[in-house]
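Okay, here's what each chain looks like letter by letter:
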Amino acid sequence: MPSWISFINSKNIILEWFLWQFFEVPQLILNAWKNFLEFGLNYFSTPLLIKTFFSPWRRYRWFYPRGFDLWLYFETFFSNLVVRIIGIIFKSILIVIAIFFEILIFFVGLFIFLGWLVLPFFLILGTYHGFRLLFF
């Protein structure tokens with residue numbers, strides 16, 4: 001903690017509140033927001049899905065026969081191709097879901113962060129409006 005913060009902390013409760021409201025808690029919110037974004041990436045394994053995008057689904061694959069049989073070569077090639085296409089389809093779906101989740105977390109985090117910063121102003125406006133309704 002910088003020395004000017006400890007100096008302010010020891011002098012005035014208003015300044016302590018100001019530091020808490022506008023410096024300490026926003027840092028906590030930003031850390032939590034970052035953790036949720038990282039959680040989403042890890043939960044859906046997005047980097048791994050992108051790395052293995054063209055790999056066969058669940059590593060299913062057929063091995064080519066040792067002898068020369070054109071039909072078996074074609075069957076193995078087609079089976080491997082189908083498994084790769086299935087992998088691409090499922091990985092694409094998971095990546096799209098992960099992107100939507102990340103966008104959702106981004107906007108929820110932004111709402112919470114900005115809401116926290118604006119909250120004292122709503123308190124002042126609410127108090128002012130309350131007094132205005134009572135006395136005027």
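All of these numbers come straight from a predicted model, not from anything done at the bench. (Residues numbered from 1 in each chain as written. Predicted model: local features only at pLDDT ≥ 70, side-chain atom pairs only at ≥ 80, totals over all residues. Heavy atoms only, no water.)

## A short note on the side chain of K91
Consideration 1: Looking at the element boundaries, K91 is found in helix α4 (residues 70-135).
Consideration 2: Here K91 occupies a buried position and makes no salt bridge, while the nearest side chain of opposite charge, E102, is found at 19 Å. (Helix = DSSP H or I, 4+ residues; strand = E, 2+ residues; numbered from the N terminus. Buried < 20%, exposed > 50% of the residue type's maximum accessible area, 1.4 Å probe, protein only. Lys, Arg positive; Asp, Glu negative; His and termini not counted. Salt bridge = Lys/Arg side-chain N within 4 Å of Asp/Glu carboxyl O.)

## Notes on the packing of aromatic side chains
Consideration 1: Across all of its chains, the model carries 17 aromatic pairs by this definition.
Consideration 2: Residues W33 and F106 carry aromatic rings whose centres are separated by 5.6 Å and whose planes lie at 40° to one another, so their mutual orientation is tilted. Here W33, found in helix α2 (residues 13-43), pairs with F106, found in helix α4; they are 73 residues apart in sequence, far enough to count as distant.
Consideration 3: Ring geometry for W57 versus F90: centroids 5.0 Å apart, planes at 35°, classification tilted. Of the two residues, W57 sits in the loop between α3 (46-51) and α4 while F90 sits in helix α4, which places them 33 residues apart along the sequence.
Consideration 4: We classify F90 as partly exposed; its relative accessible area is 41%. (Phe/Tyr/Trp six-rings, centres within 6.5 Å; stacked < 30°, edge-to-face > 60°.)

## Some words on the environment of I97
Consideration 1: Here I97 shows up in helix α4.
Consideration 2: Sequence separation between I97 and F18 is 79 residues; the distance between their C-alpha atoms is 39 Å.

## Some details on unusual backbone geometry
Consideration 1: Not every positive phi belongs to a glycine, and S45 is a case in point at roughly 50°.
Consideration 2: The backbone of R58 shows a phi angle near 55°, a positive value even though the residue is not glycine.
Consideration 3: Along the chain, R58 falls in the loop between α3 and α4.

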